[in-house]
Amino acid sequence: MDKKNIVTPKGVLVFPHLKSPDTKFDENGVWKTGLRLSGAEAQKLIAIIDKEIDESVAEASEKKSNVKRGAPPYKKDEDSEDFIFNFKLKASGVRPNGEKWKQKPVLYDAKGNLLNSDVHVWGGTTGKVAFQPIRFHTAMIGASVSLRLKAVQIINLVEGSNQTSASSYGFGEEEGYVTTPAVTEEVEATDVKVEDF
């Protein structure tokens, strides 16, 4: 029987990898995003997750003694009263029989239409996340849950591309050397905070 999806309140996406999976620590790739929530909405989601962690600890305790409670898949933001919830989904893998598989979260716009595959979702985008709490227990981590990313609804899009502009780093036009488009180097887009000095 499929697990029921839980839908978060609207929040702000933090370091989303929704256009392509993150392969920094896993060569098979991980789709992921953080979601920033505050106040009563954050506390309501924390209560749901903490209940799942309690049940994970109880299940593990039936099979083993001295089960420790693992860290939750959320944390308080150091610079505010907000909480950041972390959602992940493995992008690919190999089953025990050798069969390869791939998966990815479904992305929707504010009206519930499938999102165009060319859209780059950047941090600062507001949206909702559909997820499934997955209980686990390991000797090192303890008993807790992970938040399996299933779908994201984009409410207000902050969009980027694979080519960053000079203005995104705070540069304006100046008199001087001008390159030709043929030698313009394409760089990977990143979330950049611009400060004027």
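Scope of this entry: the structure provided in the associated data block. (Residues numbered from 1 in each chain as written. Predicted model: local features only at pLDDT ≥ 70, side-chain atom pairs only at ≥ 80, totals over all residues. Heavy atoms only, no water.)

**As for unusual backbone geometry**
- The residue Phe15 is not glycine, and still its phi comes out positive at about 45 degrees.
- Checked against the element boundaries, Phe15 lands in strand β2 (residues 11-22).
- One non-glycine residue, Asn66, lies in the positive phi region at around 55 degrees.
- Residue position: Asn66 is located in the loop between α1 (39-63) and β4 (74-76).
- Under the relative-accessibility criterion, Asn66 is labelled exposed at 78%. (Helix = DSSP H or I, 4+ residues; strand = E, 2+ residues; numbered from the N terminus. Buried < 20%, exposed > 50% of the residue type's maximum accessible area, 1.4 Å probe, protein only.)

**A look at the pattern of salt bridges**
- Inspection of every chain in the model, using the stated rule, returns ten salt bridges.
- One salt bridge in this structure joins Lys32 and Asp22, with 2.8 Å as the shortest N-O distance. Taken together, the residues span a long stretch of sequence, with Lys32 in strand β3 (residues 30-37) and Asp22 in strand β2 at a distance of ten residues.
- Note that Arg95 is salt-bridged to Glu99, the shortest N-O span being 3.5 Å.
- For Arg95, a relative accessible area of 37% translates into the label partly exposed.
- Salt bridges here are not isolated pairs; linked through shared partners, they connect Glu52, Glu55, Glu59 and Arg135. (Salt bridge = Lys/Arg side-chain N within 4 Å of Asp/Glu carboxyl O.)

**Looking at the environment of Leu147**
- Mapped onto the secondary structure, Leu147 falls in strand β10 (residues 142-156).
- Exposure remark for Leu147: the relative accessible area of 2% places this residue in the buried category.
- When the C-alpha positions of Leu147 and Pro72 are compared, they lie 9.7 Å apart, and in sequence the two are 75 residues distant.
- Residues in contact with Leu147, not counting those within four places in the same chain, are Ile49, Pro73, Asn86, Phe87, Lys88, Phe131 and Gln132. (Contact = heavy atoms within 4.5 Å.)

**Focus on the packing of aromatic side chains**
- In the structure shown here, the tally under the stated rule is three aromatic pairs.
- Summarising the aromatic geometry, the rings of Tyr74 and Phe85 are spaced 5.5 Å apart at their centres and angled 45 degrees between planes, so their arrangement reads as tilted. Note that Tyr74 is positioned in strand β4 and Phe85 in strand β5 (residues 83-90), a separation of eleven residues in sequence.
- Given the relative accessible area of 13%, Tyr74 is considered buried.
- For Phe85, a relative accessible area of 0% translates into the label buried.
- These aromatic residues form a ring-pair network of at least three members: Tyr74, Phe83 and Phe85. (Phe/Tyr/Trp six-rings, centres within 6.5 Å; stacked < 30°, edge-to-face > 60°.)

**With respect to α1**
- For α1, which comprises 25 residues, the first-to-last C-alpha distance of 37 Å matches the rise-based estimate of 36 Å (1.5 Å per residue) to within 8%.
- Three or more residues of α1 are buried, namely Ala42, Leu45, Ile46, Ile49, Glu52, Ile53, Ser56, Val57 and Ala60.
- On its buried side, α1 packs onto β3, β4, β5, β9 (126-138) and β10. (Expected span 1.5 Å × (residues − 1).)

**Here's the deal with the nonpolar core**
- Judged by nonpolar contacts, the single largest core of 31 residues is most densely connected at Leu13, Ile49, Phe85, Phe87, Val129, Leu149 and Val152.
- Sorting the residues of this core by element identifies β2, β3, α1, β5, β9 and β10 as the ones contributing at least two each.
- It is α1 that contributes the most residues to this core, seven residues altogether.
- Leaving out residues up to four positions away in the same chain, Leu13 has contacts with Leu18, Thr33, Gly34, Leu35, Val121, Gly123, Gly124, Thr125, Val129, Val152 and Ile154. (Core = buried A, V, L, I, M, F, W, Y, C linked by side-chain atoms within 4.5 Å.)

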